[in-house]
Amino acid sequence: WPRACWTLLVCCLLTPGVQGQEFLLRVEPQNPVLSAGGSLFVNCSTDCPSSEKIALETSLSKELVASGMGWAAFNLSNVTGNSRILCSVYCNGSQITGSSNITVYGLPERVELAPLPPWQPVGQNFTLRCQVEGGSPRTSLTVVLLRWEEELSRQPAVEEPAEVTATVLASRDDHGAPFSCRTELDMQPQGLGLFVNTSAPRQLRTFVLPVTPPRLVAPRFLEVETSWPVDCTLDGLFPASEAQVYLALGDQMLNATVMNHGDTLTATATATARADQEGAREIVCNVTLGGERREARENLTVFSFLGPIVNLSEPTAHEGSTVTVSCMAGARVQVTLDGVPAAAPGQPAQLQLNATESDDGRSFFCSATLEVDGEFLHRNSSVQLRVLYGPKIDRATCPQHLKWKDKTRHVLQCQARGNPYPELRCLKEGSSREVPVGIPFFVNVTHNGTYQCQASSSRGKYTLVVVMDIEAGSSHFVPVFVAVLLTLGVVTIVLALMYVFREHQRSGSYHVREESTYLPLTSMQPTEAMGEEPSRAE
């Protein structure tokens, strides 16, 4: 520095009131609170006029950002835990210091409710367990166990990791209820607010299953290939809608229809006996809920009446192929296939056909008759044939030539058929323009042209050509314009003649060209009125 500056500084130090003055070192911000992993800008400043370089003491990662006479600014990065920072400086040979405490807060890294029992019996206790990892400061962290939004327990998070538990008595109202745990980091005293973190909810299923077995209603006798209803009922279970029912004839599972009314469950099925089930059998009903089961059994005797069985040589046949339909039944059974009886009881009935389009969806019926102790028992069966054909387009519904007027609305009535059902599209030749089929659309002259109407399916394609002739509408502008011009011309000529007529009338004579073939026009003079001979026009 220049000598004058040093002299001024010494004079200031020796000035009364400065030598004995106490100087402070301020650290800003004071006692800050920030989230874990964040950064902090720290400013250290003093009012000592002869201070040296200010230093910052901390275990955190620091960087000097800027400094000047009596101040220095630092940036602290990746602040992950609570810390105390200390600023120091030498003033007039003595060290002065300033400090600030950094408080770091962080939300829990994991808040999870332990899995609940798959099923919980009503009236028994179960335990909720919430596990919490991370979160600081722990003195401000609370764990809340919830059912829906109802608080079941509120406890501080102490250990790391923390586990908070609560015992709950299961009830019917708890069925389907979501349970969860929530952490609350209360930083409101520091002016930051309440930070909440909630676990994924877990749903509880509760149940009641009575100790009594179901009521099973079933026939004592059942003939082979006949059917009879079977009912199974159980009262006092909850929730009845979630119970599983198993109904079986021997080892044959029955297709049950399950209905529930309140706490009562009823399962109804149709039991059909097979030939290999002839003899003594059992009807079984099992009701399972919450991993527990109740069972009922009834005896059943099966006797034989086999048939009828209808078969197709090709359930799905191509058009033109030969299909054989046969019907058979057990011994002593007379079968009739589509009205044609078999040659004798115990013999099969059979017919053949060439599959056509009209056979698609055709059903074949077979009836069987068996005499048992003078009583005739009857059974019927049927089968449906599926014929693959097409694709086709009826020319009757898709005219080859369409003549429509411009700016009118029409429907292109093309129809395709086939199995599988084909897709029908009509595209204009030479472009990708497509007209809708079966839907009204507005016709204009741009639709004029030839269209390829193509029906396509997995069996192939079928195309018909449709020509659209769009007749443009006539314009009325030209005739009207000509008519207006003619009218104006006639009016102009008439006005001109009237004007000439008035001018000649004033002059008293009319001049007519000699070559005119018309008679000359004359005008009455006063002399004519007096009887004198009129003068001839010049």
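This text follows the structure it describes.
Thresholds applied
- Residues numbered from 1 in each chain as written.
- Predicted model: local features only at pLDDT ≥ 70, side-chain atom pairs only at ≥ 80, totals over all residues.
- Heavy atoms only, no water.
- Pairing = 2+ DSSP bridges.
- Helix = DSSP H or I, 4+ residues; strand = E, 2+ residues; numbered from the N terminus.
- Axes fitted to C-alpha atoms, helices over the stretch in contact; angles between N-to-C directions.
- Contact = heavy atoms within 4.5 Å.
- Disulfide = S-S within 2.5 Å.
- Core = buried A, V, L, I, M, F, W, Y, C linked by side-chain atoms within 4.5 Å.
- Buried < 20%, exposed > 50% of the residue type's maximum accessible area, 1.4 Å probe, protein only.
- Salt bridge = Lys/Arg side-chain N within 4 Å of Asp/Glu carboxyl O.
- Polar contact = N/O pair within 3.5 Å; in protein donor to acceptor, adjacent residues only side chain to side chain.

**What to know about the sheet that holds strand β20 (residues 227-234)**
Note: strands within a sheet are paired through backbone hydrogen bonds, in either parallel or antiparallel orientation.
Right, so step 1: Pairing within the open sheet is antiparallel, and its four strands lie in the order β18-β20-β24-β23. Here the strands that pair on one side only, and so sit at the sheet edges, are β18 (215-217) and β23 (256-261). Shown here is a sheet whose adjacent strand axes are inclined to one another by a mean of 15 degrees, direction ignored.
Right, so step 2: Looking at chain direction, β20 and strand β24 (residues 264-272) are connected through eight bridges and run antiparallel.

**A look at the side chain of His447**
Right, so step 1: Here His447 is to be found in the loop between β41 (441-443) and β42 (449-457).
Right, so step 2: Non-local contacts of His447, meaning those with residues more than four positions away in its chain, are made with Lys428, Arg433, Val435, Phe441, Phe442, Met468 and Ile470.

**A few points about the state of the cysteines**
Should the sulfur atoms of two cysteines be covalently bonded, the bond is a disulfide.
Right, so step 1: A full pass over the atoms with the stated rule returns seven disulfides.
Right, so step 2: Sulfur-sulfur distance for the disulfide between Cys44 and Cys87 comes to 1.8 Å. Here Cys44 is found in strand β3 (residues 38-46), whereas its partner Cys87 is found in strand β7 (residues 83-91), with 43 residues between them in sequence.
Right, so step 3: Residue pairing for Cys327: its cysteine sulfur links by disulfide to Cys366, the two sulfurs lying 1.7 Å apart. Since a negative S-S torsion denotes a left-handed disulfide, the Cys327-Cys366 link at about -75 degrees is left-handed. One end of the pair, Cys327, is in strand β29 (residues 322-328); the other, Cys366, is in strand β33 (residues 363-372), with 39 residues separating them in the sequence.

**Things to note about the nonpolar core**
Right, so step 1: Membership of the largest hydrophobic core comes to 28 residues, with the highest contact counts inside it found for Leu216, Leu237, Leu247 and Leu249.
Right, so step 2: Not counting residues within four places of it along the chain, the set of residues in contact with Leu247 comprises Leu216, Val230, Cys232, Gln252, Met253, Leu254, Ala256, Ala267, Ala269, Val284 and Cys285.

**Here's the deal with the environment of Ala170**
Right, so step 1: Position of Ala170 among the secondary structure elements: in the loop between β13 (162-169) and β14 (178-187).
Right, so step 2: We classify Ala170 as buried; its relative accessible area is 3%.
Right, so step 3: Taking the C-alpha atoms as reference points, Ala170 and Arg205, separated by 35 residues in sequence, lie 9.3 Å from one another.
Right, so step 4: If we skip the residues at most four places from it in the chain, Ala170 touches Gln120, Pro121, Val122, Gly123, Gln124, Phe126 and Thr206.

**A look at the pattern of salt bridges**
Right, so step 1: Inspection of every chain in the model, using the stated rule, returns 26 salt bridges.
Right, so step 2: In this structure, Asp251 and Arg274 form a salt bridge, with 3.6 Å as the shortest nitrogen-oxygen distance. One end of the pair, Asp251, is in the loop between β21 (244-249) and β22 (252-253); the other, Arg274, is in the loop between β24 and β25 (279-289), and 23 residues separate them in sequence.
Right, so step 3: When the shortest N-O distance is used, the salt bridge between Arg362 and Asp338 registers 3.7 Å. Of the two residues, Arg362 is situated in the loop between β32 (349-354) and β33 and Asp338 in the loop between β30 (334-337) and β31 (340-341); the sequence distance between them amounts to 24 residues.
Right, so step 4: Residue classification places Arg362 among the partly exposed residues on the basis of a relative accessible area of 32%.
Right, so step 5: Here the salt bridges do not stand alone but share partners, grouping Glu319, Glu357, Lys392, Asp394 and Arg417 into one network.

**Topic: the side chain of Ser321**
Right, so step 1: Take Ser321: it is sitting in the loop between β28 (316-318) and β29.
Right, so step 2: Judged by its relative accessible area of 17%, Ser321 falls in the buried class.
Right, so step 3: A polar side-chain atom of Ser321 sits 2.6 Å from the main-chain carbonyl oxygen of His318.
Right, so step 4: The contact partners of Ser321, leaving out residues within four places of it in the chain, are Glu314, Leu353, Asn354 and Ala355.

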